[in-house]
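Below, each chain spelled out in residue letters.
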Amino acid sequence: MDLIVEHEGKPYPVAFRSLVQIKDALPTSRAVVTDENLARLYPGFLEGERVVTVAPGEASKGLATYERVVRELAQSGADRKTAIVGFGGGVVGDLAGFVAATYLRGVPFVQIPTTLLAQVDSSVGAKVGIDLPEGKNLLGSFWPPIAVYADLGTLRTLPAREFRNGLAEVWKYAYIMDAPLASALEGLTQPGDPRLEGVVRRCVELKAEVVGEDPFERSGRRAILNFGHTIGHAIEAVTGYGAVLHGEAIAIGMVLEARLGERLGITPPETTALVRRTLGEVGLPTALREGSDPDALLGVMRRDKKATQGRLAFSLVETLGTCKLYHDVPEDAVLGVLQAG
Ligand SMILES: NC(=O)c1ccc[n+]([C@@H]2O[C@H](COP(=O)([O-])OP(=O)(O)OC[C@H]3O[C@@H](n4cnc5c(N)ncnc54)[C@H](O)[C@@H]3O)[C@@H](O)[C@H]2O)c1
């Protein structure tokens, strides 16, 4: 059964299909945006398509690539009825979505997420955008797709590190919203695991529930999804985007934010221990690298979009499977956790 995500009266389905079925379901007039890795791995899917291919990696989520893609679309005569189909990971999805949101003031958008992270997170929730040299995701929009189609089979070609990267977000849903999911996930480390489809569906359901309640990230509800992200984003910013993958950074962030919750009397110590153990078993990093600078990390956090007037906000786990956004977290508690590593 397809899952339905609500977006302000514009619901869209998230459907699990094979690539062959997906090709049949796509709008007739379309242009596919993908990256070179996908183009090499899935030539059959792209055969006969109008395709714009970008280089793999975060650098493609920038102004230069955006300009090339929209100009290629214009030169190929794409019109208001041409759906933009993002076939790839979160980079392609965010870029293609931003192209769809802006080309001719908005054209239909279809997502075909091919990484675990994109299937459980970035393809759901309508956030699209690109980076500026001044910072990540600074140019963007909310632009719901008309449909999300995912083929779990595509995860089998993902490099192991990218699969683990997505598992960090999967575990996040268990910690903040769904204790039974944590039990279901124990020992899941491979894309061939038969439990994966149920797990991915459950994560989409959980994300759909949150974004349906707070589609434009205004009420604070959606901000609970940021568990591990306040510290994680700071790690990504300080290390220069790319060196540490997003999932790796938030894995460290989740362990440290669980410790922070524990310091503040919010997170039970056994939950912190579970977060650390389960992420470690997946093969994700669970501590800051040697030589990390706590003051530099704190400096980035002060600029976090959840911080208001210099006060830090964190989504903290209360008991396994529940969490809440806490404003006004004291800086010395955060610094203490960062210094302890
Ligand atoms: N819009 C949102 O709500 C949201 C949420 C989370 C993250 N994001 C964004 O997502 C991006 C990260 O996404 P990502 O982790 O998917 O990275 P990515 O898109 O860079 O993909 C990771 C790598 O895997 C390769 N790849 C993709 N699918 C493959 C497959 N099936 N087989 C083999 N290789 C494959 C890609 O070519 C790339 O090299 C970031 O830019 C982040 O800001 C957006």
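Conventions and cut-offs
Residues numbered from 1 in each chain as written. Predicted model: local features only at pLDDT ≥ 70, side-chain atom pairs only at ≥ 80, totals over all residues. Domains from an automatic or database assignment. Helix = DSSP H or I, 4+ residues; strand = E, 2+ residues; numbered from the N terminus. Nonpolar A, V, L, I, M, F, W, Y, C, P; charged D, E, K, R; others polar. Pairing = 2+ DSSP bridges. Axes fitted to C-alpha atoms, helices over the stretch in contact; angles between N-to-C directions. Contact = placed C-beta atoms within 7 Å. Buried ≥ 20, exposed ≤ 12 C-beta atoms within 10 Å, placed from the backbone. Parallel < 35°, antiparallel > 145°, perpendicular 65-115°, else oblique. Left-handed = near helix turned anticlockwise from the far one by under 90°. Near = placed C-beta within 6 Å. Core = buried A, V, L, I, M, F, W, Y, C linked by C-beta atoms within 7 Å.

Chemist: What is the right way to look at the domain arrangement of the protein in this model?
Modeler: By a widespread convention, an interface's size corresponds to the accessible area lost as its parts come together. For the protein, the assigned domains read domain 1 (3–157) and domain 2 (166–340). Between domain 1 and domain 2, the C-alpha centre-to-centre distance is 26 Å. Secondary structure elements with two or more residues in the side of domain 1 that touches domain 2: β1 (3–5), β2 (12–16), α6 (116–122) and β8 (135–142). Top element by residues in the side of domain 1 that touches domain 2 is α6. It accounts for five residues. Taken together, the residues of the side of domain 1 that touches domain 2 sort by class into 12 nonpolar, four polar and six charged.

Chemist: Could you clarify how one ought to interpret the sheet that holds strand β6 (residues 109–113) in this entry?
Modeler: Two pairing modes exist for strands in a sheet, parallel and antiparallel, and in both the strands are linked by backbone hydrogen bonds. With respect to topology, seven strands assemble into an open sheet ordered β1-β2-β9-β6-β5-β3-β4, the strand pairing being mixed. The open sheet terminates on both sides in strands that have one partner only, identified here as β1 and β4 (51–54). Put simply, the sheet's adjacent strands are angled 20 degrees from each other on average, direction ignored. Relative to β4, strand β3 (residues 30–35) runs parallel, the two being bridged by four bridges. What sits directly across from V32, in β4, is V51. The strands touched by helix α5 (residues 90–102) within the sheet are β3, β4, β5 (83–88) and β6, with β5 carrying the most contacts at an inclination of about 170 degrees.

Chemist: What exactly am I supposed to notice about unusual backbone geometry here?
Modeler: Peptide bonds are trans in most cases, and residues, glycine excluded, mostly fall at negative phi. In this structure, R105 takes a positive phi of about 60 degrees despite not being glycine. Taking the number of C-beta atoms within 10 Å as the measure of exposure, R105 has 7 and is therefore exposed. Not every positive phi belongs to a glycine, and N137 is a case in point at roughly 55 degrees.

Chemist: Mind showing me how you'd approach the packing of helix α7 (residues 160–177) against helix α9 (residues 196–213) here?
Modeler: A pair of packed helices is captured by two measures, namely the crossing angle of their axes and the spacing between those axes. Contact pair α7 / α9: the axes reach a minimum separation of 10 Å and the direction vectors enclose 55 degrees. As judged from the angle between their axes, α7 and α9 are oblique. α7 and α9 meet at a crossing whose hand is left-handed. Residues V170, Y173 and M177 of α7 form the contact with α9, whose own contacting residues are V199, C203 and L206. Of the residues assigned to the contact of α7 with α9, the class counts are six nonpolar, no polar and no charged.

Chemist: Sorry if this is basic, but what is going on with the environment of D295 here?
Modeler: In this fold, D295 is placed in helix α13 (residues 294–302). The sequence separation of D295 and L335 amounts to 40 residues, and the corresponding C-alpha distance is 7.6 Å.

Chemist: Would you mind going over the site of the ligand with me for this structure?
Modeler: Taken together, 29 residues are adjacent to the ligand, and N37, G89, G90, T115 and S122 come closest. Looking at side-chain class alone, the shell around the ligand contains eight nonpolar, 14 polar and seven charged residues.

Chemist: What am I meant to see in the environment of N137 here?
Modeler: Relative to the elements of secondary structure, N137 occurs in strand β8. With near-sequence residues (within four places) excluded, N137 lies in contact with G129 and D131.

Chemist: I tried to follow the pairing of strand β9 (residues 147–150) on my own but got confused; where do I start?
Modeler: Side-chain direction in a regular strand flips from residue to residue, so the side chains alternate between the two faces of the sheet. Both faces of β9 are covered, namely the face carrying A147 and Y149 and the face carrying V148 and A150. With three bridges connecting them, β2 and β9 associate as parallel partners. Within the sheet, the bridge partner assigned to F16 lies in β9 and is A150. Note that β6 and β9 share two bridges and pair parallel. Counted as the bridge partner of Q111 is V148 from β9.

Chemist: What am I meant to see in the nonpolar core here?
Modeler: Side chains that are nonpolar tend, in soluble globular proteins, to be buried together. With 98 residues, the main nonpolar core has V33, I84, L95 and V99 as its most contacted residues. No other element matches the 10 residues that α7 contributes to this core. Split by domain, the residues of this core number at least three in each of domain 1 (3–157) and domain 2 (166–340). If sequence neighbours within four positions are ignored, L95 has contacts with V33, V54, S60, K61, T65, Y66 and I130.

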